[in-house]
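# Descriptive analysis of the structure
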Amino acid sequence: MTELAPQELRVLVAVAEAGGFSAAAHRLGITQSAVSHSVRGSEAKVGAVLFDRGRAGASPTPAGERAVALGRRILRLYEVLGAEARAAGRAAAGPGTAEGVLRIAAFRSAALHLLPPALERLAARHPGIRPEIRVVRELGPGTAGEVAAGRADLAIATLSGPASRPLSGPLSGPPSGPPSGLPDGLPDGLLSGELTREAYSLVHPAGHPDPKALPLLDWDENCGSYTRDWWRAQDWIPRATVKAEDDAMVLTMVGRGLGMAILPELSLREATDAVEIAGLGPQGPVRRVGYVTTAELASTLAVRALIRELRAERG
């Protein structure tokens, strides 16, 4: 197979993101016929149809989705090449610092509580790094899916699977492969490392005489958690009757006396005096939180620097 050139990858990404050949041409500043010719050439090279064409535009086929995701990741490496080379040159003359844009995806509570102190230290040590942070819901592919699709360099993600207990100190060592316990594993080419474990707790309205009699409040992002197995084994936990948009809304509703909830520690950092928090014991569920990046970007200075600061947060 003949390799795709960078401009061909840019065309594939533009068509996927713009939703059509004409819009992609406008975005790239070229003609629509040039876009069509490039896509046909790319399809001939890879031996697969990459886009379904229709009156409404063009949408990636499964092969196209994979090609576009890898295309974004390859183009990202072109972008970081210069920054990495300059940093290596400075390091030859003395201690150097990382620079350039660092794209981060994180779920809401991690973006609020894990990232800020790490980014503060990162800015002090590497003022040339420019973080771009996107808050992504942990539904479907979630934050790790942003990395797989080439839209983020590193994600703060919920790592599926049970953990026996919270950690009392930092985890160290190089990035590892997919952690044991992931039901479906990570997409090919991704690496992960555990950052912290946080216990789930029962949260209920302050002063309520019988909180276990209250209805259970829940939110969609919690649906994929392995804690469901634990919940089903507890005869005192009713089926959730109220669903909220996110964990912050759940916490607010509990404070208003509308129910009880089971929430992880990061979500409870925003708790007020309107709620009370009770532990679920040594056998209670624990959420594993970690980083996810690509095998290629794991060795870049900016990603390595952020991972160091995230791990230092538990130190």
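Quick look at the structure, then. This structure is a prediction, so every number in the text was calculated from the model and none was measured.

## Observations regarding the overall build of the protein chain
Secondary structure assignment for the protein chain yields eleven helices and eleven strands. Split into buried and exposed, the 315 residues of the protein chain put 46% on the buried side. For the protein chain, the proportion of contacts with a sequence separation of at least 24, taken over those separated by at least 6, is 73%. Carbon and sulfur atoms make up 54% of the accessible area of the protein chain, which totals about 15300 Å².

## Examining the nonpolar core
Ranked by size, the top nonpolar core spans 27 residues in total, and within it Leu102, Leu115, Leu122, Leu154, Ile156, Leu306 and Leu310 carry the most contacts. Elements with a minimum of two residues in this core: strand 3 (99-106), helix 5 (108-113), helix 6 (115-125), strand 5 (154-159), strand 11 (286-294) and helix 11 (301-312). Element by element, the count of residues in this core is highest for helix 11, at six residues. Dropping the residues within four chain positions of it, leucine 310 is found in contact with Leu114, Leu115, Ala118, Leu154, Ile156 and Leu195. If you look at the next biggest cluster of nonpolar residues, it comprises 17 residues, including Val11, Ala14, Phe21 and Leu50.

## Observations regarding the side chain of histidine 204
Positionally, histidine 204 belongs in strand 6 (residues 190-205). Apart from the residues lying within four places of it in its own chain, the contact partners of histidine 204 are Pro211, Val254, Met260, Ala274, Val275 and Glu276.

## Quick look at the packing of helix 1 (residues 6-18) against helix 3 (residues 32-46)
Running from amino to carboxyl end, helix 1 crosses helix 3 at an angle of 110 degrees, the nearest separation of the two axes being 9 Å. With respect to helix 3, the element helix 1 is oriented roughly perpendicular. Touching Glu8, Val11, Leu12 and Val15 of helix 1 are Val35, Ser38, Val39, Ser42 and Lys45, all from helix 3. Classifying every residue of the contact of helix 1 with helix 3 gives five nonpolar, two polar and two charged.

## Observations regarding the packing of helix 6 against helix 11
Relative orientation of the contacting elements helix 6 and helix 11 amounts to 130 degrees, with a least axis distance of 9 Å. One finds that helix 6 runs oblique with respect to helix 11. In this structure, the crossing between helix 6 and helix 11 has a hand that is right-handed. Where helix 6 abuts helix 11, its residues Leu115, Ala118, Leu119, Arg121, Leu122 and Arg125 lie against Ala305, Leu306, Glu309, Leu310 and Ala312. Residues of the contact of helix 6 with helix 11, tallied by class, amount to eight nonpolar, no polar and three charged.

## Regarding the pairing of strand 2 (residues 57-60)
Alignment of strand 1 (residues 51-54) against strand 2, held across four bridges, turns out to be antiparallel. Bridging across to strand 2, phenylalanine 51 finds its partner in proline 60.

## Let's talk about the pattern of salt bridges
Applying the stated rule across the entire model yields 20 salt bridges. Residue glutamate 8 pairs with lysine 45 through a salt bridge whose shortest N-O separation is 2.9 Å. Of this pair, glutamate 8 sits in helix 1 while lysine 45 sits in helix 3; the two residues are 37 residues apart in sequence, bridging distant segments of the chain. With a relative accessible area of 14%, glutamate 8 lands in the buried category. Note on lysine 45: relative accessible area 26%, which makes it partly exposed. Between arginine 86 and glutamate 99 there is a salt bridge, with the nearest N and O atoms lying 2.7 Å from each other. You can see arginine 86 sitting in helix 4 (residues 62-93) and its partner glutamate 99 sitting in strand 3, a full 13 residues away along the chain. A relative accessible area of 47% means that arginine 86 is categorised as partly exposed. Where salt bridges share partners, they join Arg76, Glu79, Arg103 and Asp153 into one cluster.

## Looking at the layout of surface pockets
Where empty space is left can be seen by rolling a probe of water-molecule size over the atoms. Size it by volume and the second largest pocket reaches roughly 230 Å³. Looking at the second largest pocket, it is lined by 14 residues, and the ones nearest its centre are Val13, Arg72, Leu75, Arg76 and Glu79. Looking at the lining of the second largest pocket, the elements with two or more residues in it are helix 1, helix 2 (21-28) and helix 4. It is helix 4 that provides the largest number of residues to the lining of the second largest pocket, a total of five residues.

The rules behind each value
- Residues numbered from 1 in each chain as written.
- Predicted model: local features only at pLDDT ≥ 70, side-chain atom pairs only at ≥ 80, totals over all residues.
- Heavy atoms only, no water.
- Helix = DSSP H or I, 4+ residues; strand = E, 2+ residues; numbered from the N terminus.
- Buried < 20%, exposed > 50% of the residue type's maximum accessible area, 1.4 Å probe, protein only.
- Contact = heavy atoms within 4.5 Å.
- Areas by Shrake-Rupley, 256 points an atom, 1.4 Å probe, with all protein chains shown as cover.
- Core = buried A, V, L, I, M, F, W, Y, C linked by side-chain atoms within 4.5 Å.
- Axes fitted to C-alpha atoms, helices over the stretch in contact; angles between N-to-C directions.
- Parallel < 35°, antiparallel > 145°, perpendicular 65-115°, else oblique.
- Nonpolar A, V, L, I, M, F, W, Y, C, P; charged D, E, K, R; others polar.
- Left-handed = near helix turned anticlockwise from the far one by under 90°.
- Pairing = 2+ DSSP bridges.
- Salt bridge = Lys/Arg side-chain N within 4 Å of Asp/Glu carboxyl O.
- 1 Å grid on protein atoms, 1.4 Å probe; cavity = no way out; pocket = protein on both sides within 12 Å on 5 of 7 lines; lining within 4 Å.
- Points joined across faces, edges and corners; volume = space filled by probe spheres on them.

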